[in-house]
Amino acid sequence: MANYGHFDDSNREYVITRPDTPLPWLNYFGQDEFFGMATQTAGGYTFWKDAKLRRLTRYRYNNNPMDNDGRFLYVKQGKSVWNPGWKPTRTKLDAFECRHGLGYSRITGKKDGIEVEQLMFIPPGENLEVWKISVRNKTKKPQKLSLFSYVEFCFFEALNDMTNYQRTYSIGEVEIEGSAIYHKTEYRERRNHYTLFGCTRKIDGYDTSRDAFVGVHHGLHDPKAVMAGKCTNSRAFGWNPVGAQQINLSLKPGQEETFAIILAYVDQGDLPKFDSPMVMNKTKGREILARYSDMKVVDAAFNAVKERWESLLSIYQAPKVPNVHLQRMVNTWNQAQCMATFNLSRSASGYETGIGRGMGYRDSNQDILGFVHLLPARARQRILDIASTQLADGTCFHQYQPLTKKGNADIGGGFNDDPLWLILSTCAYIRETGDLTILNEPCGYADKPGSKDPLLHHIETSIQYTLNNRGPHALPLIGHADWNDCLNLNCHSKEPNESFQTAGDIAGSKAESVMIAGLFLYATRDLVKLYHFMGQTQDASRIQGHYDDMLKTVEEQAWDGAWYTRAFDAESKPIGSKVCKEGKIYIESQAWCVLGGAGQNNGRAKKALQAVDKYLYTPEHGCALQYPPYSTYHSELGEVSSYPPGYKENAGVFSHNNTWIHIGWTMFGEGEKALEYYLSICPSAKKDHDVYRSEPYVYAQMTASQFSPTPGEGKNSWLTGTGAWSFVVASQSILGVQPDYTGLRIDPCIPKKWKGFSVSRKFRGVTYSIEVTNPKSKSKGVKSLKIDGQKIAGNVIPLPTDGRTAVKVEVTLGA
Ligand code: BGC
Ligand code: NOJ
């Protein structure tokens, strides 16, 4: 078993100690409007707001070698040419380390006594990326070397950039001024922005033509100019503009040189566009470079990144958890992943190309569940943005573009679970903040220009949508698909070139989803509580009525004998039932029926979880999505049967849905099971990285299951709903600190052998220091709760009314 690195928990870093990880291991920079992605070998790219419409640097997905474009530094010393991040030259290094931290990565490479460190980050609130570069002579002799920087510019609109060469080969434009390269393609026409690639130190040469720097028949592993030791001072006219700078260094023994490279997105705003014909007004670019030429400014910007993360993370910290994996995930990495999914939804990662999907309706609503405690004001705005892409009849655009905030017409709507997720995000926001005013915010409907209907109207519309769209069993119609994007029961696709995601549906279909029914139970129960909190008891009982009806329907129509049926197809035949040859049991309907409160009084909920345990679960990899996998394609089922058995939605371990089962176990006080299941998909707990392959610090969407030929192989890391939901599992269901309308509710569910743990939680302006002890070795049940020494009844900590901002909470389990 090879060792690729380790966690440095006190610094909140993952330290990669060899560059040839089984797959590129990625990190993100930025959390406002400007974002960068970088792997341990400095691969990746940078964009402003929208990876499709404002991409600054190029990245070729699915390349071979994989991950071959990025932010590179080359060292040329004598005959030797190397990169501190090993790639692209792959020259053997004497030492290599990459520290992925929160919002930054620090790559250090050493060869022949020369050490080069590249610290990359995006300062808070800025539209620029900094590479702080330190070059050290670790030898006892003076050393001479040349350092070269390199990025390839993207022409902002990434799809056109990678497909329309008859145009792009003729439009590239740059300007060079001192140590700065300005990439200004399309600036002469409709763009009012450009890219600055500047060095804070005097440079000894540059190139902006890729053909000149790399060479048409060379590659990034042997760029012509670097091999020759000299840039050519080329100016790009068309073709492929790049940014490359040469810096010659003479270092005394022990000497270190430090400077920075800045990659910035500059919006010209109201400034005049040109100084003279063809000469761009560079005032803003010059100002940025001047500002960052002071290394104190660079260091302060880096500290600001660290401080910002520490302040965000101080909202929820659990410092004394008896399990190291849960502890580091809940305290650090899981929250970092929640930040990434909140910001980027499913748009840009090592697997999402930034041109395919924008923000997802259901995805972004769920992402809020793991993010709302960090920056509730941003969650608030997001909820309103999402709601505005709903149509007046309740249909939702399945995706929208972050730059325009407009629904994506290519994919359209008709994913019938979408509307209900809005209720979950809204209730989570109100439980976190107590802010009911969000419900009155006008957000209008996408198909009613100028409409100002408030958020609460959308919520009622969503409920009504599900009620209005029901099938022969009175269960919700599935539409194009539900949470399982691949359960396409209405498209009957036979055309191989057609995307299941956009294939049309037959009209008047009767296909129904039990998962949506369960989600409806969950959402209505949430809403009932909200209406009570608002004092609207009539509305609460109206919604309770819908809950009761749906519950009755689920119990009457969807119980299959030992678990809940998954769906009914267009001909009303059951899916996920013992009568099926394959796909007899699915995970999602067990999860959502249980979470929605079905099967509580008749033993079915417990049985449903036990069925998951029996047919779907393995301790090594987690739960497969269904059993048995489909061995052949079924046009009446759609994409779910298109995948080879054991992958993706065809019985792969889809981490996201596992988390709901974890919550299910905690509802039954099964602390051992909850933790064991939690660890089964936890990246930090993965033992063999050559098998798992994906990053050990963030969740992957999918792990090949026991039914596949490659069990345990993780894929599609970072941008998955698993991020938010596993934070909910760890922080609220296992450690049991749950924001509720009237205060923090304490309801842990832990392994019996845990003696206790502590949580520090900032909630509505108060810091709660919570100590949980478990003297009787129980899993669940709060025996006593003391608030600043005073015993109180129940398990909800009331909000202080006397202005206290720090509250001590002692919890004893064992009821
Ligand atoms: C994948 C799903 C995904 C969908 C999004 C499908 O091919 O299997 O997991 O949600 O594409 O477009
Ligand atoms: C990934 C998608 O982003 C998400 O919306 C969907 O629920 C899952 N795949 C399952 O199909």
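Residues numbered from 1 in each chain as written. Chains lettered and ligands numbered in written order. Predicted model: local features only at pLDDT ≥ 70, side-chain atom pairs only at ≥ 80, totals over all residues. Heavy atoms only, no water.

Caption draft 1: Looking closely at the overall build of the chain. On a plain count of helices and strands, the chain comes out with 19 helices and 42 strands. Computed over the C-alpha atoms, the radius of gyration of the chain is 28 Å, within 12% of the 28 Å expected from 2.2 N^0.38 for a compact globule of 815 residues. Judged by the C-alpha coordinates and their principal axes, the chain covers about 80 × 60 × 55 Å. Taking all 815 residues of the chain together, 63% fall into the buried category. Summed over all atoms, the accessible surface of the chain reaches about 28,600 Å², with 51% contributed by carbon and sulfur. Between the centroid of the 94 positive side chains of the chain and the centroid of its 87 negative side chains there is a distance of 5 Å. (Helix = DSSP H or I, 4+ residues; strand = E, 2+ residues; numbered from the N terminus. Rg over C-alpha atoms; globule rule 2.2 N^0.38 Å. Buried < 20%, exposed > 50% of the residue type's maximum accessible area, 1.4 Å probe, protein only. Areas by Shrake-Rupley, 256 points an atom, 1.4 Å probe, with all protein chains shown as cover. Lys, Arg positive; Asp, Glu negative; His and termini not counted. Charge placed at Lys NZ, Arg CZ, Asp CG, Glu CD.)

Caption draft 2: Spotlight on the site of ligand 1. Near ligand 1 the following residues occur: Arg-357, Asp-485, Cys-486, Gln-501, Glu-639, Tyr-643, Lys-648, Glu-649, Phe-654 and Gln-701. A distance of 2.5 Å separates an oxygen atom of ligand 1 from a polar atom in the side chain of Asp-485. The contact in question runs from an oxygen atom of ligand 1 to an N or O atom on the side chain of Glu-649, over 2.5 Å. In isolation ligand 1 exposes 310 Å². Once the protein is present, 81% of that is buried. (Near = heavy atom within 4 Å. Polar contact = N/O pair within 3.5 Å; in protein donor to acceptor, adjacent residues only side chain to side chain.)

Caption draft 3: Focus on empty space enclosed by the protein. One pass over the structure, following the stated rule, counts three cavities of 30 Å³ or more. For the largest cavity, the calculated volume is near 200 Å³. Lining of the largest cavity is provided by 21 residues; of these, Tyr-28, Gly-30, Gln-31, Gly-103 and Trp-309 occupy positions nearest its centre. Mapped by element, the contributors of at least two residues to the lining of the largest cavity are strand 3 (26-29), helix 6 (295-313) and helix 7 (324-344). Examining the composition of the lining of the largest cavity, we find that five residues originate from one element, helix 7, more than from any other. Grouping the amino acids of the lining of the largest cavity by side-chain chemistry returns 14 nonpolar, six polar and one charged. (1 Å grid on protein atoms, 1.4 Å probe; cavity = no way out; pocket = protein on both sides within 12 Å on 5 of 7 lines; lining within 4 Å. Points joined across faces, edges and corners; volume = space filled by probe spheres on them. Nonpolar A, V, L, I, M, F, W, Y, C, P; charged D, E, K, R; others polar.)

Caption draft 4: Main features of the side chain of Asp-161. Positionally, Asp-161 belongs in helix 1 (residues 158-161). By relative accessible area, which is 5% here, Asp-161 ends up buried. A distance of 3.0 Å separates the side chain of Asp-161 from the backbone nitrogen of Phe-155, its partner in a polar contact. When neighbours within four sequence positions are excluded, Asp-161 is seen to be in contact with Arg-58, Cys-154, Phe-155 and Thr-168. (Contact = heavy atoms within 4.5 Å.)

Caption draft 5: View of the site of ligand 2. What surrounds ligand 2 is the set Arg-346, Arg-357, Arg-362, Asp-363, Trp-483, Asn-484, Asp-485, Glu-649, Phe-654 and Gln-701. Measuring from an oxygen atom of ligand 2, one finds a side-chain N or O atom of Arg-362 at 2.7 Å. In this structure, an oxygen atom belonging to ligand 2 sits 3.0 Å away from a main-chain N or O atom of Asp-485. The protein chains hide 95% of the 300 Å² of surface that ligand 2 would expose on its own.

Caption draft 6: Spotlight on the side chain of Ser-149. Tracing the backbone through its elements, the reader meets Ser-149 in strand 13 (residues 143-156). By relative accessible area, Ser-149 is classed as buried at 2%. Within the local environment of Ser-149, its side chain forms a polar contact with the side chain of Gln-245, the two groups lying 2.7 Å apart. The residues touching Ser-149, leaving out its near neighbours within four places in the chain, are Phe-72, Leu-73, Trp-131, Phe-197, Phe-213, Gly-243, Ala-244, Gln-245 and Ile-261.

Caption draft 7: Looking closely at a positive patch on the surface. A cluster of like positive charges, contributed by Lys-776, Lys-778, Lys-783, Lys-786, Lys-791 and Lys-808, occupies part of the molecular surface. One can find Lys-808 in strand 42 (residues 806-813). (Patch = residues over 30% accessible without salt bridge, like charges linked within 9 Å, V, L, I, M, F, W, Y side chains within 5 Å. Salt bridge = Lys/Arg side-chain N within 4 Å of Asp/Glu carboxyl O.)

Caption draft 8: Spatial organisation of the packing of helix 12 (residues 514-534) against helix 13 (residues 537-557). Running from amino to carboxyl end, helix 12 crosses helix 13 at an angle of 160 degrees, the nearest separation of the two axes being 8 Å. Judged by the angle between their axes, helix 12 and helix 13 are roughly antiparallel. Of the two elements, helix 12 crosses helix 13, and the hand of that crossing is left-handed. Residues Ala-517, Phe-520, Leu-521, Thr-524, Arg-525, Leu-527, Val-528, Tyr-531 and His-532 of helix 12 lie in contact with helix 13, whose contacting residues are Thr-537, Asp-539, Ala-540, Arg-542, Ile-543, Gln-544, His-546, Tyr-547, Met-550, Leu-551 and Val-554. (Axes fitted to C-alpha atoms, helices over the stretch in contact; angles between N-to-C directions. Parallel < 35°, antiparallel > 145°, perpendicular 65-115°, else oblique. Left-handed = near helix turned anticlockwise from the far one by under 90°.)

Caption draft 9: Just the layout of surface pockets, in detail. Empty space within the largest pocket amounts to approximately 850 Å³. Residue lining of the largest pocket: 32 residues in total, with Arg-431, Tyr-522, Lys-529, Gln-732 and Gln-738 positioned closest to the centre. Looking at the lining of the largest pocket, the elements that each hand over two or more residues are helix 10 (418-433), helix 12, helix 16 (655-667), helix 19 (722-734) and strand 35 (737-740). It is helix 19 that provides the largest number of residues to the lining of the largest pocket, a total of six residues. Looking at the lining of the largest pocket residue by residue, the class counts come to 15 nonpolar, seven polar and 10 charged. If you add up the space inside the second largest pocket, you get close to 720 Å³.

Caption draft 10: Region of interest: the sheet that holds strand 36 (residues 743-746). Pairing within the open sheet is antiparallel, and its three strands lie in the order 35-36-41. Of all strands in the sheet, those bounded by a partner on one side alone are strand 35 and strand 41 (796-798). Pairwise comparison of adjacent strand axes, ignoring direction, gives a mean angle of 30 degrees for this sheet. Pairing of strand 35 with strand 36 involves four bridges; the strand directions are antiparallel. (Pairing = 2+ DSSP bridges.)

Caption draft 11: Region of the structure containing the packing of helix 6 against helix 7. In contact at an axis separation of 11 Å, helix 6 and helix 7 are set at 105 degrees when each is read in the N-to-C sense. Between helix 6 and helix 7, the angle falls in the class roughly perpendicular. Touching Trp-309, Leu-312 and Leu-313 of helix 6 are Asn-331, Gln-335, Ala-336 and Met-339, all from helix 7. Residues belonging to the contact of helix 6 with helix 7 are distributed by class as follows: five nonpolar, two polar and no charged.

Caption draft 12: Region of the structure containing the pairing of strand 9 (residues 95-101). Burial runs high along strand 9: five of the seven residues are buried. Two strands pair when backbone bridges link them, and strand 2 (residues 13-16) and strand 9 are joined in this way by three bridges, in the antiparallel orientation. Its bridge partner being in strand 9, Ile-16 is matched across the sheet by Cys-98. Pairing analysis gives seven bridges linking strand 9 to strand 10 (residues 104-111), with the strands arranged antiparallel. Counted as the bridge partner of His-100 is Ser-105 from strand 10. Taken together, strand 9 and the strand that follows it, strand 10, pair antiparallel across an intervening segment of two residues, in which Gly-103 is found at a positive phi of about 85 degrees.

Caption draft 13: Structural view of the sheet that holds strand 15 (residues 180-183). Across the sheet, which stays open at both edges, the 10 strands sit in the order 1-2-9-10-11-12-19-16-15-14 with antiparallel pairing between neighbours. The open sheet has two free edges, formed respectively by strand 1 (5-8) and strand 14 (174-177), since each of these has just one partner strand. Taking each pair of neighbouring strands and ignoring which way they run, the sheet shows an average axis angle of 15 degrees. Across four bridges, the pairing between strand 15 and strand 16 (residues 193-199) is antiparallel.

Caption draft 14: The arrangement of the pattern of salt bridges in detail. One pass over the structure, following the stated rule, counts 60 salt bridges. The shortest N-O distance in the salt bridge between Glu-189 and Arg-167 comes to 2.9 Å. With Glu-189 in the loop between strand 15 and strand 16 and Arg-167 in helix 2 (residues 165-171), the pair connects residues that are 22 residues apart, well separated along the chain. Here Arg-167 falls in the partly exposed class, since its relative accessible area comes to 27%. If you follow the salt bridges from partner to partner, you end up with Arg-58, Arg-60, Asp-69, Glu-152, Asp-161 and Arg-210 in one network.

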